[in-house]
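# Close look at the chain arrangement
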Amino acid sequence: MTSHAGDILLSHAGSAPSPSKDYNQILVTKNQVIFRSWKISLRERGKVQPLEVKRAHDAFFKDENLQGEITKAFGQRMLDNVRRLLTSSDDRLTRLSRPILVRILSLVDLNDIRSMSVVSKQFREICKSDDLWKKLFLTHNGRHLTKELSSVAYEIGWKQLFYTNKLQLRLLLRRQTKYSEIPADVGCEGDAAVEANALAKKELLANGASPSSIDRKTPMAGGRRDRKATADRSRDI
């Protein structure tokens, strides 16, 4: 039997009403309604394979036999719950994959994104995600993704970058270009230096520091101080 973990919207199992001893299960996934029935008999020995019926959501409403089996096994209330689940518009929307939801939200008005963020925990997480705001930023600004742009977004987040005005963005990109020109053999080496500086700047911004003060507070890898100290020692010698 195929596993549907992560896609299950409804799952219920139990014995049929007396006098039947059959055991039944119903699963509603993002794509199908699955009904399984194990025929329990004292004559049967060993492992019993279930009878299984699968229907797409649209086909389920046309299959009166399957609806009758669900009613017989679990009652009218269960059938009503399944129908309600399949016809509810908000449930249909939440069953869409995350990339599709991000794509849909990237096409709506910003005010609608704020409204969607209070619909559910799922939409709140998506509406705050870097996936969505990265797409919005690149779409609204007509920019291609560059190494400097990715570094700035890593420091302050894509949402904050989206609301950054053009002048501030230009300064941030210029500053990031200067950082990227630091030689790899000065102070920390290679990617470790870049990552250390990025983490330090991100922490300063999170604590309320202004972008203009980051250069003074963030230690450059190695820096001019070491070179000045070396020059002073040379003069002493």
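The following paragraphs examine the structure supplied in this document.

Reading the values: the criteria
Residues numbered from 1 in each chain as written. Predicted model: local features only at pLDDT ≥ 70, side-chain atom pairs only at ≥ 80, totals over all residues. Heavy atoms only, no water. Helix = DSSP H or I, 4+ residues; strand = E, 2+ residues; numbered from the N terminus. Buried < 20%, exposed > 50% of the residue type's maximum accessible area, 1.4 Å probe, protein only. Contact = heavy atoms within 4.5 Å. Areas by Shrake-Rupley, 256 points an atom, 1.4 Å probe, with all protein chains shown as cover. Phe/Tyr/Trp six-rings, centres within 6.5 Å; stacked < 30°, edge-to-face > 60°. Patch = residues over 30% accessible without salt bridge, like charges linked within 9 Å, V, L, I, M, F, W, Y side chains within 5 Å. Salt bridge = Lys/Arg side-chain N within 4 Å of Asp/Glu carboxyl O.

Looking only at helices and strands, the protein chain features 14 helices and four strands. Of all 237 residues assigned to the protein chain, the portion counted as buried reaches 32%. Taking the intrachain contacts of the protein chain between residues at least 6 apart in sequence as the baseline, contacts between residues at least 24 apart amount to 45%. Total accessible area on the protein chain is roughly 15,900 Å²; 51% of this is exposed by carbon and sulfur atoms.

A word on the environment of L10. Mapped onto the elements, L10 comes out in strand 1 (residues 8-15). With a relative accessible area of 18%, L10 lands in the buried category.

Before going further, it helps to spend a moment on the packing of aromatic side chains. In total, this model carries seven aromatic pairs according to the counting rule given. For the pair F162 and Y163, a centre-to-centre distance of 5.1 Å together with 85 degrees between the ring planes defines the contact as edge-to-face. Accessibility expressed as a relative area gives 44% for Y163, which makes it partly exposed. Chaining the aromatic ring pairs together yields one cluster made of W133, F162 and Y163.

In this section: a nonpolar patch on the surface. Among the surface-exposed residues, L96, I100, I104 and V108 lie close enough to one another that they form a single nonpolar patch of about 260 Å² accessible area. I104 sits in the partly exposed class, given a relative accessible area of 36%.

Attention shifts here to the pattern of salt bridges. One pass over the structure, following the stated rule, counts eight salt bridges. Here R36 makes a salt bridge to E52, at a shortest N to O gap of 2.4 Å. Taken together, the residues span a long stretch of sequence, with R36 in strand 3 (residues 32-38) and E52 in strand 4 (residues 51-56) at a distance of 16 residues. Given the relative accessible area of 36%, E52 is considered partly exposed. The partner of R55 in a salt bridge is D63, and the shortest N-O contact between them spans 2.7 Å.

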